[in-house]
Amino acid sequence: MESISSAIGVKFVPSVKNSPPSFVFSGSLLPSLRSLDRICKKNRVFSETRNPAIDFSDPDWKTKFQEDFERRFYIPHLTDIFDDAARIPSTFCLKSRRPITEDFANGYPSDEKWNGYVNNNDRVLVKTIHYSSPSSAGAECVDPDCTWVEQWVHRAGPREKIYFKPEEVNAAIVTCGGLCPGLNDVIRQIVITLEIYGVKKIVGIPFGYRGFSDEGIPEMPLSRKVVQNIHLAGGSLLGVSRGGPNVSDIVDSMEERGINMLFVLGGNGTHAGANAIHNECRKRRMRVAVVGVPKTIDNDILLMDKTFGFDTAVEEAQRAINSAYIEAHSAYHGIGIVKLMGRSSGFIAMHASLASGQIDICLIPEVPFHLHGPHGVLRHLNYLLETKGSAVVCVAEGAGQNLLQKTNATDASGNIVLGDIGVYIQQEIKKYFKEVGVPSDVKYIDPTYMIRACRANASDGILCTVLGQNAVHGAFAGYSGITVGICNTHYVYLPIPEVISYPKNVDPNSRMWHRCLTSTGQPDFI
Ligand SMILES: Nc1ncnc2c1ncn2[C@@H]1O[C@H](COP(=O)(O)OP(=O)(O)O)[C@@H](O)[C@H]1O
Ligand SMILES: O=P(O)(O)OC[C@H]1O[C@](O)(COP(=O)(O)O)[C@@H](O)[C@@H]1O
Ligand SMILES: [Mg+2]
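Residues numbered from 1 in each chain as written. Chains lettered and ligands numbered in written order. Predicted model: local features only at pLDDT ≥ 70, side-chain atom pairs only at ≥ 80, totals over all residues. Heavy atoms only, no water.

What follows deals with the side chain of T312. Mapped onto the fold, T312 is located in helix α9 (residues 310–330). A residue is classified by how much of its surface remains accessible, and T312, at 4% relative accessible area, is buried. Beyond its immediate sequence surroundings of up to four residues, T312 is in contact with P181, C454, R455, A456, N457 and D460. (Helix = DSSP H or I, 4+ residues; strand = E, 2+ residues; numbered from the N terminus. Buried < 20%, exposed > 50% of the residue type's maximum accessible area, 1.4 Å probe, protein only. Contact = heavy atoms within 4.5 Å.)

This is how it looks when you write it as structure tokens:
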């Protein structure tokens, strides 16, 4: 039983009780965790799920690690602070598909025999590879011997008992940060699923967190009718923004509006906000569920197979890469440059390069490079013109920032405004070939906003559907301060601080980056 469940990555733990954590992951720990991560990465002993205070000489370290892991990945629940929180049978019943319009004075249309619910004690395995050695490509080890340590997180899905009466739910949805393909698909699924539970009061907060405070921005009533076709277009029905009010003002606004379920769609920044909102609600003893859905086209959220919008971005980038390739191949000594998004992570550039098979040089933030000098990008481009007659470069927006002048400028959310590496590389290439007297024809394509505004492709559409539905299931189950994700193909609930402690990066030691290098044929540029 144990081995079969381990093999499929889902674990049933009959006796584990949902107890509050004795160890709380605090914001003040973050800097030390970041430096620990750097140290661990250097020694090839690292994990997104590591324990900072581990003593490997202790024979019980593994048990202690696992206990601590369980505490860290505990998902906050209403019952942590409300002993009297009442459970009722779920109104989410797939056998009862009729519109739920009556009040529930005579009980809820729950079918006790229906077993489509997820047990609170179901778990999903976070790491599925047993690395035998820390030197194995991409190894993520807890200890120097790479001991096998099972790490389980909570399985997402509808529960048999819920902690909100649908007729008392005042749900709100907000989308923050930059655009990302699939935002509308998630909004749509949240609304539809809320209605299936029987919720009638659903609103959208326009233009991100700003919508909570800006007067003159009315909230948007949402229903299945309103959202039915919104997934057919890109963008966000609700609009997005960076910056906005402080957490206390947001929670004041939630209290005024009577919001008791908040669905927050956004990236690292948005989730930091969502977690702060959750904590503030707890401080004020508000019976509120705050649930995040990670939105980042850059795919830089920890512990998840991928985030929605990423697949679409990779697919859409193919059009730009192919155009750059055709331009480069049609010109005498043509060089095409494509800049793709990725503030601190090169996942889009790496995957788009791999998918196209048309890229000669892929540059990402995680891998330093020189432009000039005997091993630099420019010398290699010269070689490619000599040997192939043309070349195509794919560069992630966050790559090579050390080569650009720092401005210290930040956007409204406090994110550093990056220099334009694409424009810089284009200029440097032109200058270099002029200097060495080799003709070149350089074409630069920046498709970033065109990609971001796209409608989600089919696989992202499905991912959004499942995440949106699970967000609602999580809220009804009484969880708050959580986010939803896909982990080893299974859907999970994770405590927000664990997924935003630092951005997920491409591991230059991973098989995927090695495959990319094999495909481009590029050397080290150092
Ligand atoms: N540490 C933080 N605490 C609270 N709110 C934050 C924090 N960082 C960002 N935010 C808010 O989250 C929203 C989105 O953040 P931003 O960084 O622009 O996008 P993303 O969520 O995609 O990373 C903004 O309204 C911003 O003010
Ligand atoms: O021009 P904007 O709106 O600041 O967006 C640019 C940023 O958006 C992103 O695509 C994603 O950023 P977020 O996840 O913070 O929305 C980054 O790659 C890029 O730096
Ligand atoms: Mg961000």
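The structure having been displayed, the exposition proceeds.
Our next topic: the site of ligand 1. Around ligand 1 lies a shell of 14 residues, among which R242, G243, G267, T270 and S413 are the nearest. T270 places a polar side-chain atom, nitrogen or oxygen, 2.4 Å from an oxygen atom of ligand 1. Within the side chain of S413, one N or O atom sits 2.6 Å away from an oxygen atom of ligand 1. Protein contact buries 74% of the 560 Å² of open area that ligand 1 shows by itself. (Near = heavy atom within 4 Å. Polar contact = N/O pair within 3.5 Å; in protein donor to acceptor, adjacent residues only side chain to side chain. Areas by Shrake-Rupley, 256 points an atom, 1.4 Å probe, with all protein chains shown as cover.)

This part takes up the pattern of salt bridges. Per the counting criterion, the structure on display carries 20 salt bridges. Here E498 ties to R72 by a salt bridge, and the two come within 2.9 Å at their closest N and O atoms. Remark: R72 occurs in helix α3 (residues 61–72) and E498 occurs in helix α15 (residues 496–499); sequence separation between them is 426 residues. Exposure remark for R72: the relative accessible area of 5% places this residue in the buried category. Notably, a salt bridge pairs E219 with R257, separated by 2.6 Å at the nearest N-O pair. In this pair, E219 sits in the loop between α5 (210–213) and β8 (220–221) while R257 sits in helix α7 (residues 247–257), placing the two residues 38 residues apart along the sequence. R257 sits in the partly exposed class, given a relative accessible area of 26%. One salt-bridge network, held together by shared partners, links D252, E255, E280, K283 and R284. (Salt bridge = Lys/Arg side-chain N within 4 Å of Asp/Glu carboxyl O.)

A few words on helix α8 (residues 268–283). For α8, built from 16 residues, the straight-helix expectation of 22 Å at 1.5 Å per residue is met to within 8% by its first-to-last C-alpha distance of 23 Å. Of the positions making up α8, those classed as buried are T270, H271, G273, A274, N275, I277, H278, E280 and C281. As for α8, its buried residues are in contact with α7, β9 (261–266), β10 (289–294), β15 (482–487) and α15. Taken from the residues just after α8, R285 is the one with a positive phi, measuring 55°. (Expected span 1.5 Å × (residues − 1).)

Below, the discussion takes up the packing of α7 against α8. Taken N-terminus to C-terminus, the directions of α7 and α8 make an angle of 60°; their axes are 9 Å apart at the nearest point. Our classification of the angle between α7 and α8 gives oblique. Crossing hand, α7 versus α8: right-handed. Residues V247, I250, V251 and M254 of α7 form the contact with α8, whose participating residues are A276, I277, E280 and C281. Taken together, the residues of the contact of α7 with α8 sort by class into 7 nonpolar, no polar and 1 charged. (Axes fitted to C-alpha atoms, helices over the stretch in contact; angles between N-to-C directions. Parallel < 35°, antiparallel > 145°, perpendicular 65-115°, else oblique. Left-handed = near helix turned anticlockwise from the far one by under 90°. Nonpolar A, V, L, I, M, F, W, Y, C, P; charged D, E, K, R; others polar.)

This part takes up the site of ligand 2. Near ligand 2 you find G177, G178, R242, K295, I297, D298, M341, G342, R343, E397, Y449 and R452, and these make up its full shell. Taking G342, its main chain carries an N or O atom lying 3.5 Å from an oxygen atom of ligand 2. One of the side-chain nitrogen or oxygen atoms of R452 is found 2.7 Å away from an oxygen atom of ligand 2. Here ligand 2 loses 80% of its free accessible area of 480 Å² to cover by the protein chains. Classifying every residue of the shell around ligand 2 by side-chain character gives 3 nonpolar, 3 polar and 6 charged. When residues of the shell around ligand 2 are assigned to domains, at least three fall in each of domain 1 (63–95 + 117–306 + 456–500) and domain 2 (310–454). (Domains from an automatic or database assignment.)

What follows concerns the state of the cysteines. Taken as a whole, this structure holds 1 disulfide when the rule is applied. C516 forms no disulfide, and the closest cysteine sulfur to it belongs to C362, at a distance of 4.1 Å. (Disulfide = S-S within 2.5 Å.)

A word on the environment of N488. Within the secondary structure, N488 is located in the loop between β15 and β16 (490–495). A polar contact of 2.7 Å, which involves the side chain of N488, links it to the backbone oxygen of V126.

Look at the UniProt record and you will see "binding site: Mg(2+)" (unreviewed entry) annotated at N268. Within the fold, N268 resides in helix α8. On the accessibility criterion, N268 (21% relative accessible area) is partly exposed. In contact with N268, other than residues within four places in its own chain, are D300, I301, I500 and P503. (UniProt positions renumbered as here; feature names shortened; annotations may be inferred.)

Turning next to the packing of aromatic side chains. Per the counting criterion, the structure on display carries 8 aromatic pairs. Seen in terms of ring centroids, F65 and F69 are 6.3 Å apart; in terms of plane orientation they differ by 25°. Their pairing is stacked. You can see F65 and its partner F69 sitting in helix α3, 4 residues apart, about one turn around the helix. F69 matches F65 in its accessibility class, with the two residues each being buried. Plain terms: the ring middles of F69 and F73 are 4.3 Å apart, the flat faces sit at 20° to each other, and that makes the pair stacked. Relative accessible area serves as the criterion here: at 2%, F69 is assigned to the buried category. Stacked on the ring of F82, the Lys or Arg R287 has its end atom at 4.3 Å from the ring centre. (Phe/Tyr/Trp six-rings, centres within 6.5 Å; stacked < 30°, edge-to-face > 60°. Lys NZ or Arg CZ within 6 Å of the ring centre and 35° of its normal.)

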